[in-house]
Protein chains: 2
Amino acid sequence: MNQDYIQPDNWSIIEEGFDKERVKSSESLFSIGNGAMGQRANFEENYSGETFQGSYIAGIYYPDKTKVGWWKNGYPKYFAKVLNAPNWIGIEIEINGENLDLNNCKVIKNFRRELNMKEGWYHRSFEATLQNDTEISVNIRRFLSLDLDEVGLINYEITPLNKDARIKYKPYIDAGVTNEDANWDEKFWEHLETKHHENQAFVTAQTFKTHFKATTFMHNSILSNEKKLNIYSEIISATDEKIQFSYTVEVAQGVKSSIQKIGGYTVSLNHENTLIGAENAIKLALKKSYAQLLQDQIESWSKIWEMSDITIDGDVKAQQGIRFNIFQLNQTYLGKDSRLNIGPKGFTGEKYGGSTYWDTEAYCIPFYMATKDQQVARNLLIYRYNQLDKAIENAEKNLGFKNGAALYPMVTMNGEECHNEWEITHEEIHRNGAIAFAIFNYYRYTGDYSYIPEKGLEVLIGIARFWHQRANFSKDKNQFVILGVTGPNEYENNVNNNFYTNYIAKWCIDYAYEQIQKVSLEYPLDHKRIIEKVKLSDAELNDWKKVSGNMYFPKSDELGIYLQQDGFLDKDLVLVKDLDISQRPINQKWSWDRILRSPYIKQADVLQGFYFFEDHFSTEELKRNFEFYEAFTVHESSLSPCVHSIQAAKLDKMDMAYAFYLRTSRLDLDDYNKEVEEGCHITSMAGTWMSIVEGFGGMRVKNDTLHFSPKIPKEWTGYSFKINFRNQILKVAVTHNETQFALEGSTEITIFVNEKAVLVKPN
Amino acid sequence: MNQDYIQPDNWSIIEEGFDKERVKSSESLFSIGNGAMGQRANFEENYSGETFQGSYIAGIYYPDKTKVGWWKNGYPKYFAKVLNAPNWIGIEIEINGENLDLNNCKVIKNFRRELNMKEGWYHRSFEATLQNDTEISVNIRRFLSLDLDEVGLINYEITPLNKDARIKYKPYIDAGVTNEDANWDEKFWEHLETKHHENQAFVTAQTFKTHFKATTFMHNSILSNEKKLNIYSEIISATDEKIQFSYTVEVAQGVKSSIQKIGGYTVSLNHENTLIGAENAIKLALKKSYAQLLQDQIESWSKIWEMSDITIDGDVKAQQGIRFNIFQLNQTYLGKDSRLNIGPKGFTGEKYGGSTYWDTEAYCIPFYMATKDQQVARNLLIYRYNQLDKAIENAEKNLGFKNGAALYPMVTMNGEECHNEWEITHEEIHRNGAIAFAIFNYYRYTGDYSYIPEKGLEVLIGIARFWHQRANFSKDKNQFVILGVTGPNEYENNVNNNFYTNYIAKWCIDYAYEQIQKVSLEYPLDHKRIIEKVKLSDAELNDWKKVSGNMYFPKSDELGIYLQQDGFLDKDLVLVKDLDISQRPINQKWSWDRILRSPYIKQADVLQGFYFFEDHFSTEELKRNFEFYEAFTVHESSLSPCVHSIQAAKLDKMDMAYAFYLRTSRLDLDDYNKEVEEGCHITSMAGTWMSIVEGFGGMRVKNDTLHFSPKIPKEWTGYSFKINFRNQILKVAVTHNETQFALEGSTEITIFVNEKAVLVKPN
């Protein structure tokens, strides 16, 4: 564990005491979001210390010209960057003529942050003695409304403690922002228009190149002892990019003074005229009081928690971890808009760019299927359907593939590839498999087959065509092989016959083939429409089957395991436990070639295949492969421990399962990878959910029924979770003595518990 | 063939007619150099069209901050860039008030360039009608003195043809230059000091970071009808970076007017005070007349040609090709200074950066050994000896190797690695083998063993230690393997057990072992000194032999060939001849992953091993491997055709050998790779020399004797070359009827011709 300053608490993330070294980490951990926008926990007032300023709007990106050492054909021309949006939270504070800056106070006491996950707000409080010896007590609450998702609210309250104070509140909005992550130090926003009247102001700017328009707005009220004052801005400073107001109040010692700032963004994705949109957003917010808006927020979060909460008894750190993960996933993506997806850092940082990785299909969809209406998962599938043309274009342009073969991008905002390393962009093609798997998984879980004839089948055909063309026949092996890939374990590049890739390739072809037959029988009109559209012949289908029916899989008969790739056993097979601790994490200590030829595994690879296709293998096979590969796995990807946790639980290795659970659920809170200042690992958080529901809960869907084989770490007294399975809401509560099932639906259902059928009746 | 505007000529490179599209290509092809400096054939007068300005000083570089997409541990922090030096050739020309600019003349007639390789000068002439209707005839000769190698000379002569003309000559020197190839558009030169008096001027600048100082200087004389005029500069414009003079002359119609400009650089590598050095350089040049300096130049080149010329009768293009290659090699490197090396673009362009690749050892050393005093090749070996400490540091820092294992850099200026792709920098480790091979080759050819006890053995030990530590034992194979490499064929990355690499690794260990024994017996004092210095134990030596004695080599018994690497036969083995021509060159048409998994070979790889270690394999083995791999070789490296030419000749495939010879010798003249505007492929030019001497001449050194098996392409009537073999100069002249040998030394020698001993007596 690398940091432990976050206070254990069942429902809140809490920091106590001010430490400049922790500011950037806390800015990540205390981030807030509402699915449409989000922001790091930057201070509202000026702060001259080290900080990473970030506020983000879903779907708004900038195509940053690719930076590479040596250009290679096929590299994308740009990298779609998550964009630091204009600042709407800023409020400079002047106390008796002195600017408040926590980097420059005589004394700071009782500094505390709380991110209340249950209620969806962020609170910061402290007492400070300024250089001019004024002592103040400060309380700030901020939240981004779930209901009015273009609106955020700040209540910034100051009480002078030792004398009267003249307080100037100087709230501003500013489009003159830069990105931390920019290839060429360019500005990403171009100013268009500013406007202000009375207590509100608007700055409209657009992104260069992509021309997304955003109006950043604010409305301010000044209060004394919680009552609104009739006071207007005295001084206005306005440049092309920034508007700043100034309100002066004389506050007696002990009296609470505050500013309430409403702010946010309206964007051209949703508005013809973003300025009018912004004026309306303010009007809507002003219809309710601040207190009422906060109450609405608490209720909206309560609805989210009602369905998605997981309780863990007897282990507050484990409890805090899982809730932090669930909270962040809901802050990032709520499934309302099929144009959006789940960025790896959500709204907590800029690293990686893009919004969509295979993480969405491999890790996030199960969480959203089980905790939300099935339309949410469907929207995530539709996102890929809408980008099918781009995936076909990608395969044509970069691989010379024909006939509608589709290669989905590794990283994308709009369907175009925007990652620029050949070993990832061009070779980590297994991502295509996860996209097909998600369609299978969606149907398996929700029972909603309609997506396949409507949209999914076209995606499955494009992907099957890709694998058919990407495999080649090896005369030497008399089988089909897939050469030159990077598997899920990114500590290998350009390997031949990665087991996971070959396996999912075969599966994709077979599954597409089966669905074509099924749609042909059950949805003949859709079948006709699709086959005509994609021009698929029986001859081509036969060719597909030749590939899938004769695919090569590397294995060791002696060890009884599949090989991660050809030649894996030629490596110097020193176990992780025998590796000098000073050499870890290897990605910070070793050069790339050394990592590549080592046996060390960044994240589940063969085991990812066993995770997806568990039914295809015996428990004995899982055990042999798990024990072999776990011993070489360094888990330096956030996506790794969750899969191992699930499999360890299945194999009754409960201590191991628990250790992996803690590592995945507190990855950011405890900063295992020493990088939380850059933002949180959002997509891997869904893996934490899986490690409870599928790992300890042992939940599986088989033949349209739910199966459980619950287990419990010895550290816990009990845990419970709810899932929405086919519109029935089932609550599972596990203790050391028994497992209880409760059904909130109206129809009784049969589930299987440890292979025995159990009838569950409605409550 | 991609261009054919160069006029065939035995001794000169000639362009006729002015074509703006060809300016940048001709700037490369007509480059001049003298081993210490060199420059592209930029115009002296202003030119507003497309041009690539370049003037270079040997050994002067700039560490340009590395640019990569995704940083990986072990990447070097900078890339050593060849540096565009200040301009000393510039002379603006004003004719009757109009600036001469070939991009802006009414008429240009009889434009002609000639690079006279025999005499070492570059000449340009044309007749132009200006916008003001003045017609002029212009003749410019430029050369870089071989004798005074800090000095270049320009004679710029103008004759007004249709009226009298007021001509202003405005010569300048200018340190305000930029590099075409710069990662961050930074300036590389910082101005220090300017000075001028009478007809001479000096600008002193230093490179940022590396702080190389250079004084750029000029001295001007004005002539009328070839007689010097007593005229001084009328106007001086001087900024911090640039000094420009202006001389006005009234020239009658038909009268020849000219400016003679002496210019060049003195650098802190060679001078305590570069300004005083520059003043002395001008004084030295002025001691002789321009005519005398030109005569000296012709004589100096004549001496170079006397030893290094190859004549080809009956095929002017083949003749022109080989001379162009020999000329460029001598322009680039003359072996006077062991701090210098042979950059891949010499003084003709900036691409690739660095000065030293494995090209030097694999391709260039044989040329320099055979055509110059053996001290020249020795200097190239010493260059690596001097960088041994850096190579040891490199292996320690990036690979965690211990105990003096040395990994030489892929690209370097000063011994530090400066290439920034992991697949090259970290994995193309075979380069280490060529550095050891060069030591073996030097001794084999020159018979000078003294280098090994003096210096070479330490290098051999460092390299053997590297291979010993880099190989690992595969339990699966029960042999040692070398994983994760890039072989000479850079169209494969991160492969396992590249035959060439494994083979040369084993050879390096065995050769080092043998030399340790030999030095121990014959040079016991050196042996003691070295073993104590490098702390080499018998136990370590035994461990070396375990690796070299049990190295794994991939092969196919069925095909009777070695495999380029594990898994090569799994590829989709479509022959190059069956590949659609529209797909070539594949490096411009295909994405990197597609290239990597294809069977196509950029340059000799297995066959490079057969070239180095020909004696280790039978001709039958060579034939099988050659026929297999040649069919997959696309020769998209300049270093490829020469090896295939030599082997084709050995296998009596004379049409093939001839075709490869033409491709290698006229690569730049005919611009096969469509990139000559970026500069010429200097290091591969030594391969052209090898393809005649070793290919057609069949020259080999075996057991201290010279062997020949001469062959002749049917297109030629004869060819001849000289070589310096152990201080005996032997001339070989081959026609279709006979081969003659002439000896310029005083002692008769025995050579073997087609396996029969022949006694050659002095002339």
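Each value, and the rule that gives it
- Residues numbered from 1 in each chain as written.
- Chains lettered and ligands numbered in written order.
- Predicted model: local features only at pLDDT ≥ 70, side-chain atom pairs only at ≥ 80, totals over all residues.
- Heavy atoms only, no water.
- Helix = DSSP H or I, 4+ residues; strand = E, 2+ residues; numbered from the N terminus.
- Pairing = 2+ DSSP bridges.
- Axes fitted to C-alpha atoms, helices over the stretch in contact; angles between N-to-C directions.
- Expected span 1.5 Å × (residues − 1).
- Bend = angle between axes of the 7 residues up to and from the residue.
- Buried < 20%, exposed > 50% of the residue type's maximum accessible area, 1.4 Å probe, protein only.
- Contact = heavy atoms within 4.5 Å.
- Buried area = accessible area lost by both parts, 1.4 Å probe.
- Salt bridge = Lys/Arg side-chain N within 4 Å of Asp/Glu carboxyl O.
- Polar contact = N/O pair within 3.5 Å; in protein donor to acceptor, adjacent residues only side chain to side chain.
- pLDDT = per-residue confidence, 0-100.
- 1 Å grid on protein atoms, 1.4 Å probe; cavity = no way out; pocket = protein on both sides within 12 Å on 5 of 7 lines; lining within 4 Å.
- Points joined across faces, edges and corners; volume = space filled by probe spheres on them.
- Core = buried A, V, L, I, M, F, W, Y, C linked by side-chain atoms within 4.5 Å.

1. Considering unusual backbone geometry
The omega torsion across R584 of chain A and P585 of chain A is -5°, close enough to zero to call that bond cis. Position of P585 of chain A among the secondary structure elements: in the loop between β25 (561-562) and α14 (586-589). One non-glycine residue, E198 of chain A, lies in the positive phi region at around 50°. On the secondary structure map, E198 of chain A appears in the loop between β14 (189-197) and β15 (200-207). A positive phi is found at H211 of chain B, a non-glycine position, where the angle reads about 55°.

2. Concerning the sheet that holds strand β31 (residues 749-753) of chain B
Residues and elements named next belong to chain B. Read from one edge of the open sheet, 4 strands run β26-β27-β31-β32, paired in mixed fashion. Single-partner strands in this sheet number two, and they are β26 (700-702) and β32 (756-760). Taking the axes of each pair of neighbouring strands and ignoring which way they run, one obtains an average angle of 35° across the sheet. Sheet analysis places β26 next to strand β27 (residues 705-708), joined by 3 bridges and oriented antiparallel. Bridging from a neighbouring strand, K702 pairs with T705 of β27.

3. What about helix α5 (residues 359-371) of chain A?
Residue and element names in this part refer to chain A. In a regular helix each residue adds 1.5 Å, so 13 residues correspond to 18 Å; α5 covers 18 Å between its end C-alpha atoms and thus fits that length. Within α5, the axis deviates most sharply at I365, by approximately 45°, and proline P366 lies no more than four positions further along. Counting buried positions along α5 gives 13 out of 13 residues, so the element sits mostly inside the fold.

4. Things to note about the interface of chain A and chain B
It is common to give the size of an interface as the accessible area that goes away when the parts come together. Facing 48 residues of chain A, the contacting portion of chain B comprises 48 residues. Between chain A and chain B the total buried area reaches about 4000 Å² when both faces are included, carbon and sulfur atoms providing 50% of it. The three residues of chain A that bury the most area against chain B are W70, D570 and R597 of chain A, which together make up 19% of that side's buried surface. The interface formed by chain A and chain B contains 6 salt bridges. Of the charged contacts, one joins K477 of chain A and D570 of chain B as a salt bridge, the two residues approaching to 2.5 Å between their closest N and O atoms. Taken together, chain A and chain B are joined by 24 residue pairs in polar contact (both at pLDDT 80 or more).

5. Things to note about the confidence of the model for chain A
When pLDDT is averaged along chain A, the result is 95, and 100% of the positions lie at 70 or above. Taken together, the chains of this predicted complex give a pTM of 0.94 and an interface ipTM of 0.92.

6. Quick word on helix α10 (residues 451-470) of chain A
All names here are of chain A. Compared with an ideal rise of 1.5 Å per residue, which puts 20 residues at 28 Å, α10 spans 27 Å between its outermost C-alpha atoms and is within 8% of the ideal. The sharpest bend along α10 measures roughly 45° and falls at L457. Most of α10 is tucked away, with 17 of its 20 residues classed as buried.

7. Thoughts on empty space enclosed by the protein
Residues and elements named next belong to chain A. Counted according to the given criterion, the structure contains 13 cavities of 30 Å³ or more. Within this model, the largest cavity holds a volume of roughly 330 Å³. N441, R444, Y611, E694 and R700 are, among the 21 residues lining the largest cavity, the residues nearest its centre. Among the secondary structure elements, those contributing two or more residues to the lining of the largest cavity are α5, α9 (431-446), α16 (606-612), α20 (685-696) and β26 (700-702).

8. Remarks on the nonpolar core
Formed by 477 residues in total, the largest nonpolar core has its most connected members in I723 and L730 of chain A together with I723 and L730 of chain B. Setting aside anything within four residues of it in sequence, one finds L730 of chain B in contact with L706, F708, F721, K722, I723, F741, A742, L743, I749, I751 and V760 of chain B.

9. Notes on the pattern of salt bridges
For the structure on display, the rule yields 107 salt bridges over all chains. Salt-bridge contacts for K72 of chain A lead to E421 of chain B; the nearest nitrogen and oxygen are separated by 2.2 Å. One end of the pair, K72 of chain A, is in the loop between β5 (61-65) and β6 (78-82); the other, E421 of chain B, is in the loop between α7 (388-399) and α8 (422-425), on a second chain. For K72 of chain A, a relative accessible area of 6% corresponds to the buried category.

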